[in-house]
Amino acid sequence: MVYNTSLEAFQSIVLLARQMAGFCGVDLLADNYKPNLRTALTFIGCTSYIFTSMYSAWYYFPDVYKMLQALAPVGMAFQGCIKLCVALVHRKFFQGSAKFLEDFHQRHATRPEDNAVLLGLMKKLHLASRMLLCAYVLAILGFGLYPVYVYVMYGERTFAINVLLPGIDPDTHWGYVLTVAYQMFLLAIAMAGISAFDTTFMIFVSNLAGLVDVYTNKLKELDRLLEKRKTKPAEVRTLVREILIAHYGIVRRDYNDEVILAINGTMWYMLDKSQLKMIQFMLHRCQNPSNLTVGGFAPLNIETFVEIMKTIYQFFAMMINFVE
């Protein structure tokens, strides 16, 4: 799909994240959002996964190999519960942040220089999010179709994941059907939930970089104004105020050095005393940058995202080894 403005691309990627989150009943950006049946089913799925994994480990005792297979997803189940609770508790934060970013893209979509930078960033985000979604869908399909493949080719009953339901005999026909259906349900909410979380995380992290790029463009615009011989003082004052307002949104620990270098690289020495005080104030704020977090327990930055991706990759790699 071709996008002409960063706003169109931003709204499209947000829609993708909302569709994945809506599947789990956590579409926080919906008008008058309230937890619903899908939210309850997702929470029940995550919590039951913990208990059924432990039950399965007890059921397979003393087969250590199968016990490890059963206990492997417990960490993912705990993460799912935490992410769901964080999303519901901090939904006002997510709603406010999404509104702020949409207004930000709408405001700068009419500026060719800013739009070009932001549109390029959103296109990369689209590519990354769709690649991740495809990888998750293929992984889940692989796990889900594995029992079908084994049954058709070898006539044997097997499971997508070694998680059993208490009180259900997996050796009977209906017991096997119920167990596989439960496993498919768990895989479906895992795929949608992980995709929604990762896409949302990338939206926030990537747009922090976009804020810095737009801020740098404004400083360059200020230089061009100061170089002109016939520049109205009112134009300079207005632009400096805009830069000061933009500064509030970008002073983050991860981009602090870039902001300081951008400010020092401007022709600040050509400003009057009142405007120089604004520049001094911005530099002073850079000495104490804030730090965005994910629900208060992890910093919102690229390093955290990489750690999350490594954990997910290790989980899938471990499950594939178990299947083999």
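J.: Please explain the side chain of Thr-39 as it appears in this structure.
T.: In this fold, Thr-39 is placed in helix 2 (residues 37-60). On the basis of relative accessible area, Thr-39 is assigned to the buried category, the value being 4%. Within the structure, the side chain of Thr-39 is placed 3.5 Å from the side chain of Tyr-33, a separation counted as a polar contact. Look past the residues within four positions of Thr-39 in its chain and what remains in contact with it is Cys-24, Gly-25, Val-26, Tyr-33, Leu-84 and Leu-88.

J.: Got a minute to help me understand the pattern of salt bridges in this structure?
T.: Side-chain pairs of opposite charge can arise where the charged atoms are in close proximity. Under the definition given, this model contains 2 salt bridges. The partner of Arg-18 in a salt bridge is Asp-27, with the nearest N and O atoms 2.8 Å apart. The buried category is assigned to Asp-27, whose relative accessible area is 16%.

J.: Even after reading the chapter, I still don't get unusual backbone geometry, so can you show me in this structure?
T.: Glycine aside, a negative phi is what most residues show, and trans is what most peptide bonds show. The residue after Phe-61, namely Pro-62, is reached through a cis peptide bond having omega 10°. Within the element layout of this structure, Pro-62 appears in the loop between helix 2 and helix 3 (64-71).

J.: Would you mind going over the nonpolar core with me for this structure?
T.: Here is a general trend for soluble globular proteins: nonpolar side chains tend to be buried in one another's company. Val-26, Leu-28 and Ile-203 are the most contacted members of the largest nonpolar core, which totals 37 residues. Of all the secondary-structure elements, those providing two or more residues to this core are helix 1 (6-23), helix 4 (74-89), helix 5 (91-108), helix 6 (112-154) and helix 7 (173-227). Take this core: its biggest share by element is 9 residues, from helix 6. The residues touching Val-26, leaving out its near neighbours within four places in the chain, are Ala-21, Tyr-33, Thr-39, Leu-84, Ala-87 and Leu-88. Membership of the second largest hydrophobic core comes to 11 residues, among which are Cys-46, Ile-50, Leu-165 and Leu-186.

J.: Quick question: what am I supposed to make of the packing of helix 5 against helix 6 here?
T.: Packed helices, taken two at a time, are described by the angle between their axes plus the distance between the axes. Running from N to C, helix 5 and helix 6 cross one another at 135°; their axes reach a closest spacing of 9 Å. When the interaxial angle is binned, helix 5 and helix 6 end up oblique. On the side of helix 5, the interface is formed by Phe-104, His-105 and His-108, while helix 6 contributes Asp-114, Asn-115, Leu-118 and Met-122. Looking at the contact of helix 5 with helix 6, its residues break down into 3 nonpolar, 3 polar and 1 charged.

J.: It is not clear to me how a nonpolar patch on the surface should be interpreted in this structure. Could you clarify?
T.: On the surface, Val-137, Leu-138, Leu-141, Leu-145, Val-148, Tyr-149, Tyr-151, Val-152, Met-153 and Tyr-154 cluster together into a nonpolar patch covering about 1100 Å² of accessible area. Relative to the elements of secondary structure, Val-152 occurs in helix 6. Taking relative accessible area as the criterion, Val-152 reaches 60% and is therefore assigned exposed.

J.: So what exactly am I meant to see when it comes to the packing of aromatic side chains here?
T.: Think of a pair of aromatic rings as described by two things: how far the centres are apart, and how the planes are tilted against each other in angle. By the definition in use, this model includes 6 aromatic pairs. On the numbers, 5.4 Å between centres and 70° between planes, the contact of Phe-93 with Phe-94 is edge-to-face. Judged by its relative accessible area of 38%, Phe-93 falls in the partly exposed class. Between the aromatic rings of Phe-159 and Tyr-176, the centroid separation amounts to 5.5 Å while the plane-to-plane angle is 40°, which identifies the pairing as tilted. Taken together, the residues span a long stretch of sequence, with Phe-159 in the loop between helix 6 and helix 7 and Tyr-176 in helix 7 at a distance of 17 residues. Each member of the pair Phe-159 and Tyr-176 is classed as buried. Among the aromatic side chains, those forming a connected cluster through ring pairs are Tyr-55, Trp-58, Tyr-59 and Tyr-60.

The rules behind each value
Residues numbered from 1 in each chain as written. Predicted model: local features only at pLDDT ≥ 70, side-chain atom pairs only at ≥ 80, totals over all residues. Heavy atoms only, no water. Helix = DSSP H or I, 4+ residues; strand = E, 2+ residues; numbered from the N terminus. Buried < 20%, exposed > 50% of the residue type's maximum accessible area, 1.4 Å probe, protein only. Polar contact = N/O pair within 3.5 Å; in protein donor to acceptor, adjacent residues only side chain to side chain. Contact = heavy atoms within 4.5 Å. Salt bridge = Lys/Arg side-chain N within 4 Å of Asp/Glu carboxyl O. Core = buried A, V, L, I, M, F, W, Y, C linked by side-chain atoms within 4.5 Å. Axes fitted to C-alpha atoms, helices over the stretch in contact; angles between N-to-C directions. Parallel < 35°, antiparallel > 145°, perpendicular 65-115°, else oblique. Nonpolar A, V, L, I, M, F, W, Y, C, P; charged D, E, K, R; others polar. Patch = residues over 30% accessible without salt bridge, like charges linked within 9 Å, V, L, I, M, F, W, Y side chains within 5 Å. Areas by Shrake-Rupley, 256 points an atom, 1.4 Å probe, with all protein chains shown as cover. Phe/Tyr/Trp six-rings, centres within 6.5 Å; stacked < 30°, edge-to-face > 60°.

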